[in-house]
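# What the coordinates show
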Amino acid sequence: QVQLVESGGGLVQPGGSLRLSCAASGFTLSYYDIGWFRQAPGKEREGVSCISGSTGSTYTADSVKGRFTIFRDNAKNTVYLQMNNLKPEDTAVYYCAADYPPSSAQDMCVMLRGYSWGLGTQVTVSS
């Protein structure tokens, strides 16, 4: 079965950091575009950061640019989202998704493209 499992969420104070993990099983992650998305209560789902499986290029939303970084570890078949200088407005459920064939990281994030989705992990930023 094709599965994506997110982990690493939790409660953190403003200015703190978290690293989210997206572990893939049933497929080789490096052959796919992978994206991190988030959705807060009452808000639309938004693309946070995506990485291309074909070129390795990345796209990051303006709202988190300079604070969040997406990267993958092919040996572990896992993609990560490093989140620094967290703000209360970052509070949301974070999902990872995979899409094939690999193409544009920007398209995946902006157009909310994903064939397989994880169940999400909660990130809460509060003092």
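Residues numbered from 1 in each chain as written. Predicted model: local features only at pLDDT ≥ 70, side-chain atom pairs only at ≥ 80, totals over all residues. Heavy atoms only, no water.

### What about the side chain of Glu 6?
Operational definition: Helix and strand labels come from DSSP, where a helix needs a run of H or I of at least four residues and a strand needs a run of E of at least two; each type is numbered from the N terminus. The buried label applies to any residue whose accessible area, calculated with a 1.4 Å probe on protein chains only, is under 20% of its type's maximum; exposed applies above 50%, and partly exposed to all values in between. Under this rule, positive means Lys or Arg and negative means Asp or Glu; His and the chain ends count for nothing. Here, a salt bridge means any Lys or Arg side-chain nitrogen found within 4 Å of an Asp or Glu carboxyl oxygen. Here a polar contact is recorded for every N or O atom pair within 3.5 Å, except that within protein the pair must consist of a potential hydrogen donor and a potential acceptor, and residues adjacent in sequence are included only if both atoms are side-chain atoms.
Looking at where Glu 6 falls in the secondary structure, it is placed in strand 1 (residues 3-7). For the buried Glu 6, no salt bridge exists, and the shortest N-O distance to an oppositely charged side chain is 8.1 Å, to Arg 45. For Glu 6, the side chain forms a polar contact with the main-chain nitrogen of Leu 119, separated by 3.1 Å. At a separation of 2.8 Å, a polar atom in the side chain of Glu 6 contacts the main-chain amide nitrogen of Gly 120.

### Some words on the pattern of salt bridges
Considering all chains together, one arrives at three salt bridges under this definition. Here Arg 38 and Glu 46 are joined by a salt bridge, their closest N and O atoms 2.8 Å apart. Taking the relative accessible area as the measure of exposure, Arg 38 reaches 5% and is therefore buried. In this structure, a network of salt bridges that share partners links the residues Arg 38, Glu 46, Arg 67 and Asp 90.

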